[in-house]
Amino acid sequence: MLAFCLAGTLPLVPAFRLRVLRQPGRLLLTIALAGTPFLLWDLWATEVGHWWFDEGQTLPWRVAGLPLEEIGFFVVIPLVSVLTLEGVRAARRGVRPGVARRRQEAR
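Just so you know, these numbers come straight off a predicted model, no measurement behind them.

Chemist: Any chance you could explain the packing of aromatic side chains here in plain terms?
Modeler: Any aromatic ring pair is given by two values, namely how distant the centres are and how the planes are angled relative to each other. All chains considered together, the criterion is met by four aromatic pairs. Relative to Phe74, the ring of Phe38 lies with its centre 6.3 Å away and its plane at 5°, an arrangement referred to as stacked. Taken together, the residues span a long stretch of sequence, with Phe38 in helix α3 (residues 24-48) and Phe74 in helix α4 (residues 68-92) at a distance of 36 residues. Note on Phe74: relative accessible area 12%, which makes it buried. Linked through ring pairs, Phe38, Phe73 and Phe74 together constitute an aromatic cluster.

Chemist: Can you walk me through the packing of helix α1 (residues 2-9) against α4 in this structure?
Modeler: When two helices pack together, their arrangement is given by the angle between the helix axes and the distance between those axes. At a closest axis distance of 10 Å, the pairing of α1 and α4 adopts a crossing angle of 20°. Looking at the two axes, α1 sits roughly parallel to α4. Crossing of α1 over α4 shows left-handed handedness. For the pair α1 and α4, contact is made by Leu2, Cys5, Leu6 and Thr9 and by Glu69, Gly72, Phe73, Val76, Ile77, Leu79, Val80, Leu83 and Thr84, respectively.

Chemist: When you look at the pattern of salt bridges in this model, what are you seeing that I'm missing?
Modeler: Any two side chains of opposite charge can pair if their charged atoms end up close together. Following the criterion strictly, the structure yields one salt bridge and no others. With its nearest N and O atoms 3.0 Å apart, the salt bridge here joins Arg89 to Glu86. Here Arg89 and its partner Glu86 are both found in helix α4, three residues apart, which amounts to about one turn of the helix. We classify Arg89 as partly exposed; its relative accessible area is 43%.

Analysis parameters
Residues numbered from 1 in each chain as written. Predicted model: local features only at pLDDT ≥ 70, side-chain atom pairs only at ≥ 80, totals over all residues. Heavy atoms only, no water. Phe/Tyr/Trp six-rings, centres within 6.5 Å; stacked < 30°, edge-to-face > 60°. Helix = DSSP H or I, 4+ residues; strand = E, 2+ residues; numbered from the N terminus. Buried < 20%, exposed > 50% of the residue type's maximum accessible area, 1.4 Å probe, protein only. Axes fitted to C-alpha atoms, helices over the stretch in contact; angles between N-to-C directions. Parallel < 35°, antiparallel > 145°, perpendicular 65-115°, else oblique. Left-handed = near helix turned anticlockwise from the far one by under 90°. Contact = heavy atoms within 4.5 Å. Salt bridge = Lys/Arg side-chain N within 4 Å of Asp/Glu carboxyl O.

Following this line, the structure appears as structure tokens:
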């Protein structure tokens, strides 16, 4: 599912000429600020037994007791949220997919 989320939003970058991926420091900070509280909550909740992951329905790899896909969730979802937000902002400014590129080439 995380791959589908990425596949649905990564095309926004070239389509709307988003600069999100050109600012990796800001993007990583955003992902860290958005994901860290939930990741810490997950760690705490699993440690005290309020939350668990069925080993039969998750990948076998674990980091600090959390399934790899759970950690991936807290990276991918903030990323696709930022890409979606920036795509909507570009569309609201009147940027159309591919149009910005053609305008610059005409100049």
